[in-house]
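Coordinate analysis (summary)
Chain residues, written in single-letter form:
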Amino acid sequence: EVLLSYSGSNWEPSDDVSRLWIRLMQRIPYQCAPINFRRKAYRVLVSLSWVPSSHKGLLAACSIEERSLDPVHIPKSSQTWRSAIAENQFVPRHDSVNQLLDRLKDETDVCVAIASTQSGFGKSTLASLVVSHPSIRKSFHVVWIRLINHEEEPDNNSEESATPNNPNHHNSHVDTCITFRAYCDYVAQLQDQINEHLQARKKESDTNNGEGSFEIKFPKCERRFEEPALRQLRERQAIEETKRRVAKALYGRNVLLVLENVTSDSQIPLFRFHDKQSLIVTTTVPDLQNVDWQVDLERFSPEEAVDLFLLQAGLPLEHPIGQTKELAAVLSSKDCCHYQPLLIRTMARWCRLKSITAGSIQGLLEVLREIHSLPTGADAHSPTNYHDGPAATTGVDPDHPSTRFLFDILSLMMGPSRRNDSHHTTSAVFVICLATMAVVFPAPQRVPLDVVLLLWEQILVVEPLAADEVAAASKHRNGKINGNIGALERRRYVGLIAQGLLHMGLIEIYEVDKNGPWIEIHHEMYAQFALAMAQELDLGDSFEQTCQEWHKAFVTSYFEHRIQSGTSDIASKNSLEYAVRSLPSHIFEANMTQMAETILTDARFFESRVDVLGWDRAMSQHIHDCMELQSGIDEEMSVSSDTLVVSPVFSKTSTMIASFVNNEGDEPDDEKSQEKAADLINVSTALYRMAFSLAEHGYFEEALTQFDAAQNFMPDSLDLQACIQYGMAWVLLVSGDSRRALRKVIGSLKLMKDLNNDHALYMEARQLHIDTLYERCEYKKAINYLEEIEAELFEDEDKNRIEMGTVLKKKGSIFQAMAKTVEAVDAFSKSIEWKLSAEESSYGLASCFCQLGDLHVEQHALSAAKEDYDNANASLLAVKCDPEHVNFLIATGKSRFLKNDFSRCFVSLEFARNAISLTPLYLMDQSAYDLRGIARIFQARGRIDEAIAVFEESLALSTHRPDSLERSSCLLDVGRCYLERDKVDLGMECLKESLAIKSSKLGKSIQVSEILNLIGQVHGMRGAFDEALRAYSRSEEILNIVAPNDTEKLAAVMFAEGDVRLDQGDSDGSFDAYTRALQVLQRDHASDDAMIAKANHHMGRALANGMRLSEAKVQLQSAVSIRSVNFDEKALSESQHELGVVLRRLGEYSLAEKRLSEALAIRERLVGGDRLLISTKFEIANIFRVQAKPGNALSLYEDCINKLDTGAILRGDVYQAMGHVKFFGMKEDEALLFYRRARDIRQTTYGSKHRKTANTIRAIGLTQLLFNDRDGALKTLEDHFDLCEQQINGPDVDAADLVFDALGVKKDFAFAAIFLGDAYFVNNQIQEARFLWGKAKAKCAELNEIDITQQLSEKVVAMCERRLTGEGVSLDHEEAHTLLSLIFVDD
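Within the protein chain, the secondary structure is distributed over 59 helices and eight strands. Out of the 1387 residues belonging to the protein chain, those deemed buried represent 54%. Excluding contacts between residues fewer than 6 apart, the proportion of contacts in the protein chain whose partners are at least 24 apart in sequence is 65%. Surface exposure of the protein chain reaches about 61,800 Å², of which carbon and sulfur atoms provide 49%.

In structure tokens, the structure reads:
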């Protein structure tokens, strides 16, 4: 088809080839020009693996134009990195060049990648060949940018900051792709190169074609106190804004951008500005994304390898050496060059050096002979210590055959054999000089030649190996005796060293301006060789110390030859700029702290920086260097002292900055006034920036001093004044002075409002205002303010994603402190959504997940909590958080706890606890909150004493904020622990203090109500029923105000009140409370709801306790009916049990046994219900007992005793019942044995004056009376009567020790009077007996009011009348059985 396309102008592609190209995803336009078709055909064909690649044949057949390269138009940026391409140079990789040219000429907005996973394959060379082509130069503005992967030029914007969200910043690291400052530098390069093109075109045409200068106005990325991840996000936004501005400025211009050294997919989109621009990238990353087409560089073809060798060896392309088998063997061997361009170039350079003395042929033969003598394969070895040195961090594999061969060639090149000597000794001078250049000026860095020569001069003095070699050479050359050389001769030698390295091809020297030449190492592999070889030399104790000494050598040399000598010739202008920018960094590398302080406080050096770099860059660099010096001081002080020492360099720098304000003269000249106003703004800005950096690093006192200094100049800029006030407010807040912080932030906001709220830090200052309110425990104000901010941010939500995430996180934290769980969960969930939508990975995001997990635990949503903690860990890993960071340890511990990995959980938490103890964070009780979370896990695992200890540590960290809600929550938690440890007084003290804080900060609220409920519960347990009822009354009152529609909370308070009244013996009051609970629940609960059943159940209990058994039966039947359809077996068994007891007491034994058996069957199925199971068996045994089935009853009682723990309270009831069985079985001794066991247990459990204890005493007395122990009976029954009389007359004892219900009091008193009367009677004390019988009769008449007591009262009244009329006292067991079967039923 290609051949047919030459047939004439009427040619059209055939159908066959059209179909084929559709399958190949190519398109042939209709009426395609033959030349365009052939160009596309060539591109398709060479992309196929089975088509041979050659710069002849196929290329000629497709008639691709071949033009010579135009070295004149190679961009200076390309010259900076690679030498110009001479006219007589051959064009390697001809096919690849033409493929790229073809693609770039046919299409716009194309991104092509030149890729090779190994170094030295010619990626940059190929790019240079493409962009130097006339067709490209004619069509495009060519821009060449090399991405540099090193620490950005300091602007202090890249420093991590100690913020409330990221206090432990020193343990973290955020990996940024390209920082904003670096991106601006790259865009500045683009701007300069395009302007260079415009000026060149203007000169060529000698006319003004209307194209003005190309200028980008960079957006301002205002600094904030925030964690690095958020700063990275803001920088990303600033980068996108910069990109938009560049795209707008480039509109209408065809630009071809060469982006060298791309290491990440994400870098490419940052440089694709518009659809008229194409991009060439070079990379070592395989399968790079975001590119349209990739050229994978392979090794040279044999022809290309020979051509490159001849060219670099300085030989013509037709030289016969190129046809030799020996050369072909070396070029092709896997142990030698293996067609790799850098290896071929290096070997050719070596041959070139050889040819100078031996001629071309002999030189090649010597090279080949020496190469063949090199060890290969298993015998080859990489340089010693290479794996452990700084070179090992570059990704260069020292064991790779190509690396070994390159290093061997360079070693031979630097150690040529001399006359009559075949032994090679690598030159220490060349190795050390190249290595010092690689260490002191690391690649890829272009530096003035002057500074490198100054370094080498000093190296020849301080490095003995280098000095000795030069001295020996001087001695041999000049015939000197000692070989010592002077300064002039040393300077000549370093010039020769530079020439030697240049001839070897190891360095490049460029004349790019009038201020002197620049130098760089030609390839990174050469630098790695020098470092590896230097490590093998005996240069010092360690290579790290050696590197430090080399930096010191440069600093010393520059001081001696440039600063002290005052040299200012043209050759040193570039070195002056380099020195004022970078000299302090070399001083730091040399660990010369004292000199660093001296130079940074030197006024001449400072002024030179300002003159050379300009005010802004000079201030940025100087502040960065001051902070670097302070970091070194901190590192030294950390070894010897814990005291924070701030270097005087800051105060001296402040003085030097202030000196730039001209205070002389008082002429009211407008121009001078404007100049002075500008100076004031510049000086204040510099002081503000220094103060900001100090604050970021935690030097708050010095930061305040500098903020004050900045403010004292009163700059005529509301914007700057607002920034200063903002910075001062932040420092005061983190220093603990929230009162002054509040004043400052309000002042800052006022200034910003005067600017119509159009200030970069306006929203940041408003959030700082919230933090200040939070720190001052003004929670309600903070929430109201937050909601205002949220509404404002939502108006432009896409622009404010970061702020939305941050504001909602603050909102969640405050709601969490206020114990508003639902609202807090909602706020944190929304915060996470916003943060994720902004692609944020930060400590703040991790904190959101962790706090959300805590809230989910409180809501018992454990699966969600587990996921939250895992997400928190993932977020921390994304920011490369140190595994020993407190946040990471806590999130890990909580996650492990929910996964039941308790041993490792507590290991993590103990580490976190220890870390907090070393560096606690007081601001906003952050560490106090963390410790409380740890303590709650100890509490959940039953390790109460350890939990109390951690809670107390948490409380100790919140003493400076006595009104904080975090402290209140901790007091509440530790109070619960104290109660669990029976330390009731301590527990109650904590609860009351917690209540006072919450009442003060929240007023009438659900949280206050909940604490009142807990206090009421404690009072109830202690028997302080009146205090308990008062607490519940206050709680109910609050709920009726703040949550009148929360029927379940209201009902819970009423249930608690009913329980207290039931314990108090007020059955009617208890029933009324339960009835009110039912009425409240009926407002919004269905009639068959489980809560309605609960109310019915409690009402039934109250009625049963008040002897209103028939009514109780109705309520309990309703509860059973509802619960039977609600699938809550535990609740159903409770109601069936209670109903069975009531039925037994009503005498409906068959139904009672049925209900209790049903309850027993359910409880046997339930896990952990042993106590309930035993209580139901006990009640079934009671039915057998009243039905006179002693065998069945005793069997169940004994089963209960065997299953109950030794200290179980129910054992007393079981022994009491067993005593009754023995009593009715006429077994006096056994009955007394069981009664006395019951009495001992009940006295221990309830006290000697409790009703249950009194009932057992009565049973013992009756047994003694009826079995004729008259003296014992009289004493026992007198004790019992005294207890009953105290209660009936109004007890003087504590209600906790003497508890009777109203009916029980009357009943017990009546029986106590009868039985004691009988005891008096049998002891012949008739008068006393009749008196007591009369009292009993009167009291029994009151029992007739209740239906269940009618039968009992009739029998008792008949007994009393018979005794009072003189018919006598019947002591037979028949009467006793009838009577005691009634009173012993539930005692």
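Read on, since the account is not over.
Before going further, it helps to examine the pattern of salt bridges. What the rule picks out here adds up to 69 salt bridges. When the shortest N-O distance is used, the salt bridge between K781 and E778 registers 3.3 Å. Its relative accessible area of 54% is what places K781 among the exposed residues. Given the relative accessible area of 19%, E778 is considered buried. Here R913 makes a salt bridge to E953, at a shortest N to O gap of 2.6 Å. Pair noted here: R913 is in helix α37 (residues 902–918) and E953 is in helix α39 (residues 944–956), with a separation of 40 residues, a long-range link. For E953, a relative accessible area of 28% gives the class partly exposed. Salt bridges sharing common partners tie together E858, R932, R936, E966, D973 and R976.

Sheet architecture is open: five strands sit in the order β2-β3-β4-β1-β5, paired in parallel fashion. At either margin of the open sheet sits one strand with a lone partner, and together these are β2 (141–146) and β5 (293–296). When strand polarity is set aside, the average angle formed by the axes of neighbouring strands in this sheet is 15°. The sheet contact formed by strand β3 (residues 255–262) and strand β4 (residues 277–283) spans six bridges and is parallel. Residue pairing across strands places V262 opposite T283, the latter belonging to β4. Sitting on the sheet, helix α6 (residues 123–131) is in contact with β1 (111–115), β2, β3 and β4, with an inclination near 155° to β4.

What follows covers the nonpolar core. By size, the foremost hydrophobic cluster in this structure holds 229 residues, and its most contacted members are F309, M347, F441, W456, L501 and W550. For this core, the element with the highest residue contribution is helix α15 (residues 428–440), accounting for twelve residues. In contact with W550, other than residues within four places in its own chain, are I432, A435, T436, V439, V440, L455, I459, E463, A534, L539 and F543. Among the nonpolar cores identified, the runner-up in size contains 65 residues, and L1029, L1109, L1139 and L1173 belong to it.

With that out of the way, let us pick up the environment of K1203. Along the chain, K1203 turns up in helix α51 (residues 1190–1203). Sequence separation between K1203 and D1170 is 33 residues, and the spatial gap between their C-alpha atoms is 8.4 Å. Setting aside residues up to four positions removed in sequence, K1203 forms contacts with I1174 and K1177.

The strand order β6-β8-β7 describes an open sheet built from three strands, whose pairing is antiparallel. Looking along the sheet, the strands with just one partner apiece sit at the ends: β6 (447–448) and β7 (507–510). Here β7 runs beside strand β8 (residues 518–521); their pairing, made up of four bridges, is antiparallel. Note on β8: the bridge partner recorded for Y510 is W518. Packing of α15 onto the sheet brings it into contact with β7 and β8, and relative to β8 it is tilted by some 100°.

In an α-helix there are 3.6 residues to a turn, and that puts residues three or four apart on one side. Across its 17 residues, helix α18 (residues 487–503) extends 24 Å between first and last C-alpha, which sits within 8% of the 24 Å expected from 1.5 Å per residue. All of the buried residues along α18 are E489, R490, Y493, V494, I497, A498, G500 and L501.

Once that is clear, we can look at the packing of aromatic side chains. Across all of its chains, the model carries 28 aromatic pairs by this definition. Relative to W550, the ring of F543 lies with its centre 5.8 Å away and its plane at 90°, an arrangement referred to as edge-to-face. Using a relative accessible area of 11% as the deciding quantity, one classes F543 as buried. Its guanidinium or amino end placed over the ring of F902, R941 lies 3.6 Å from that ring's centre, counting from NZ or CZ. Note that R943 overlies the ring of F906, its terminal NZ or CZ placed 4.1 Å from the centroid.

Once that is clear, we can look at the packing of helix α20 (residues 543–563) against helix α21 (residues 573–589). The relative placement of two packed helices comes down to the angle between their axes together with the axis-to-axis distance. Relative orientation of the contacting elements α20 and α21 amounts to 140°, with a least axis distance of 9 Å. Here α21 runs oblique to α20, going by the angle between their axes. Where α20 crosses over α21, the handedness of that crossing is left-handed. Of the residues in α21, those touching α20 at Q548, H551, F554, V555, Y558, F559, R562 and I563 are S575, L576, Y578, A579, L583, H586, I587 and E589. Considered class by class, the residues forming the contact of α20 with α21 number ten nonpolar, four polar and two charged.

Direction vectors running N to C along helix α36 (residues 886–898) and α37 enclose 155°, while the axes themselves pass 8 Å from each other. On the basis of the axis angle, α36 is roughly antiparallel to α37. The way α36 lies across α37 gives a crossing that is left-handed. Between α36, through V886, L889, I890, T892, G893, R896 and F897, and α37, the contact on the second element is made entirely by F902, R904, C905, S908, L909, F911, A912, A915 and I916.

Residue position: S954 is located in helix α39. With a relative accessible area of 1%, S954 lands in the buried category. A polar atom in the side chain of S954 sits 2.7 Å from the backbone oxygen of A928. Contact partners of S954, with chain neighbours within four places excluded, come to A928, L931, R932, E966 and C970.

All right, on to the pairing of β2 then. Burial analysis of β2 places six of its six residues in the buried class, the great majority of the element. Burial along β2 is two-sided: the face carrying H141, V143 and I145 and the face carrying V142, W144 and R146 are both buried. Pairing analysis gives six bridges linking β2 to β3, with the strands arranged parallel. Counted as the bridge partner of R146 is E260 from β3.

What follows deals with the confidence of the model for the protein chain. Do not read the predicted coordinates in detail wherever pLDDT is low. Within the protein chain, residue pLDDT values average 83, and 84% of them lie at 70 or more. This model gives residues 65–88 a pLDDT under 50, and the stretch forms 49 contacts once residues within four places in sequence are excluded.

Following the sequence through the fold, I1209 ends up in the loop between α51 and α52 (1210–1224). Separated by 33 residues in the primary sequence, I1209 and R1242 have C-alpha atoms spaced 7.6 Å apart. Aside from chain neighbours lying at most four places away, what touches I1209 is I1241, T1245 and Y1246.

On to the environment of K1001. Here K1001 is to be found in helix α41 (residues 984–1002). Once you skip the residues sitting within four places of it in the chain, K1001 turns out to touch R776, C777, Y779, K780, D963 and L965.

This part covers α21. Here α21 contains 17 residues, and its C-alpha end-to-end distance of 24 Å stays within 8% of the 24 Å for a straight helix at 1.5 Å per residue. Taking the largest bend as the criterion, α21 deviates by roughly 55°, centred on S582, and proline P584 comes between one and four positions later. N574, S575, Y578, A579, V580, S582, L583, P584, H586 and I587 are the residues of α21 that are buried. Taken from the residues just after α21, N591 is the one with a positive phi, measuring 60°.

Let's shift gears to the side chain of S969. Here S969 is to be found in helix α40 (residues 965–980). Sequence-distant contacts of S969, defined by excluding residues within four places in its chain, comprise A817, R932 and K998.

This part takes up unusual backbone geometry. In the Ramachandran plot, D925 falls in the positive-phi region, its phi being about 55° despite a non-glycine side chain. Topologically, D925 is positioned in the loop between α37 and α38 (926–940). In this structure, N1268 is a non-glycine residue whose phi angle is positive, near 70°. Within the secondary structure layout, N1268 lies in the loop between α54 (1251–1266) and α55 (1270–1288).

Rules of the game
Residues numbered from 1 in each chain as written. Predicted model: local features only at pLDDT ≥ 70, side-chain atom pairs only at ≥ 80, totals over all residues. Heavy atoms only, no water. Helix = DSSP H or I, 4+ residues; strand = E, 2+ residues; numbered from the N terminus. Buried < 20%, exposed > 50% of the residue type's maximum accessible area, 1.4 Å probe, protein only. Contact = heavy atoms within 4.5 Å. Areas by Shrake-Rupley, 256 points an atom, 1.4 Å probe, with all protein chains shown as cover. Salt bridge = Lys/Arg side-chain N within 4 Å of Asp/Glu carboxyl O. Pairing = 2+ DSSP bridges. Axes fitted to C-alpha atoms, helices over the stretch in contact; angles between N-to-C directions. Core = buried A, V, L, I, M, F, W, Y, C linked by side-chain atoms within 4.5 Å. Expected span 1.5 Å × (residues − 1). Phe/Tyr/Trp six-rings, centres within 6.5 Å; stacked < 30°, edge-to-face > 60°. Lys NZ or Arg CZ within 6 Å of the ring centre and 35° of its normal. Parallel < 35°, antiparallel > 145°, perpendicular 65-115°, else oblique. Left-handed = near helix turned anticlockwise from the far one by under 90°. Nonpolar A, V, L, I, M, F, W, Y, C, P; charged D, E, K, R; others polar. Polar contact = N/O pair within 3.5 Å; in protein donor to acceptor, adjacent residues only side chain to side chain. pLDDT = per-residue confidence, 0-100. Bend = angle between axes of the 7 residues up to and from the residue.

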